[in-house]
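For reference, the chains in residue letters:
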Amino acid sequence: DAKTTQPPSMDCAEGRAANLPCNHSTISGNEYVYWYRQIHSQGPQYIIHGLKNNETNEMASLIITEDRKSSTLILPHATLRDTAVYYCIVSSRGSTLGRLYFGRGTQLTVWP
Amino acid sequence: GAVVSQHPSRVICKSGTSVKIECRSLDFQATTMFWYRQFPKQSLMLMATSNEGSKATYEQGVEKDKFLINHASLTLSTLTVTSAHPEDSSFYICSARESASNYGYTFGSGTRLTVV
């Protein structure tokens, strides 16, 4: 079962930063926060993940609150190609665990 | 990075027939793969966990005799939808993770199944 809460939709102007929030108040100590996105009719694409420290890669930044009950995915300069459904997922990374349960996600629409 | 190939991308079959979907990890070994189903305008629903060399683990409510999973090698898992019916029409997606990867799970591009 999904253990995260996300707004159903958000808009962002092209070139601006998109900040997508996620609430995961019941996260366990060994669970990571994963972010994926899905463009229509494609398989989900991995974006970033983290445990408790903030993370940054070439796609995005992940800010996790100190109590780990929420996080924010930041796309620093959104483009039209970033329009997608963004999923925030919590999961452990053990080999037999680590199943990813998807919630409803946030539909991000980037407009020109 | 890790690549997961899924085949076919689209398939149309007649009601009552069986359809096999393949999921391959192209450049890494995956002892565990996952199968999802996605209906239009809905999220991905985890169906089962495919374990190499052993039986798959099915999520509650998923019929194991209808959705047969075989994970015969470290790079291949197959999902067979048996005796397909129109209500089985959906988008099926697999995923896998390289054990040593720092990049999370890699997903296939999905298979659009239409049962007529």
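Look up: the structure comes first, before these words.
What you see is a predicted model; the values in this text were computed from it and never measured.

Caption draft 1: Examining the state of the cysteines more closely. Taken as a whole and judged by the stated rule, the model has 2 disulfides over all chains. Here Cys22 of chain A engages in a disulfide with Cys88 of chain A; their sulfurs sit 2.1 Å apart. With the S-S bond torsion at -80 degrees, the cross-link from Cys22 of chain A to Cys88 of chain A turns out left-handed. Linking Cys22 of chain A in strand S2 (residues 18-23) with Cys88 of chain A in strand S8 (residues 84-91), this pair joins segments that are 66 residues apart in sequence. According to the relative accessible area criterion, Cys22 of chain A is buried, its value standing at 3%. Its relative accessible area of 1% is what places Cys88 of chain A among the buried residues. Covalently, Cys23 of chain B is tied to Cys94 of chain B through a disulfide, its sulfur atoms 2.0 Å apart. Disulfide Cys23 of chain B-Cys94 of chain B: the torsion about the S-S bond is 85 degrees, which places it as right-handed. Note that Cys23 of chain B is positioned in strand S3 (residues 19-25) and Cys94 of chain B in strand S9 (residues 90-96), a separation of 71 residues in sequence.

Caption draft 2: Highlighting unusual backbone geometry. Between His7 of chain B and the following residue, Pro8 of chain B, the backbone shows a cis peptide bond with an omega angle of 0 degrees. Along the chain, Pro8 of chain B turns up in the loop between strand S1 (4-7) and strand S2 (10-13). For Arg68 of chain A, which is not a glycine, the phi torsion comes out positive at approximately 65 degrees.

Rules behind the numbers
- Residues numbered from 1 in each chain as written.
- Chains lettered and ligands numbered in written order.
- Predicted model: local features only at pLDDT ≥ 70, side-chain atom pairs only at ≥ 80, totals over all residues.
- Heavy atoms only, no water.
- Disulfide = S-S within 2.5 Å.
- Helix = DSSP H or I, 4+ residues; strand = E, 2+ residues; numbered from the N terminus.
- Buried < 20%, exposed > 50% of the residue type's maximum accessible area, 1.4 Å probe, protein only.

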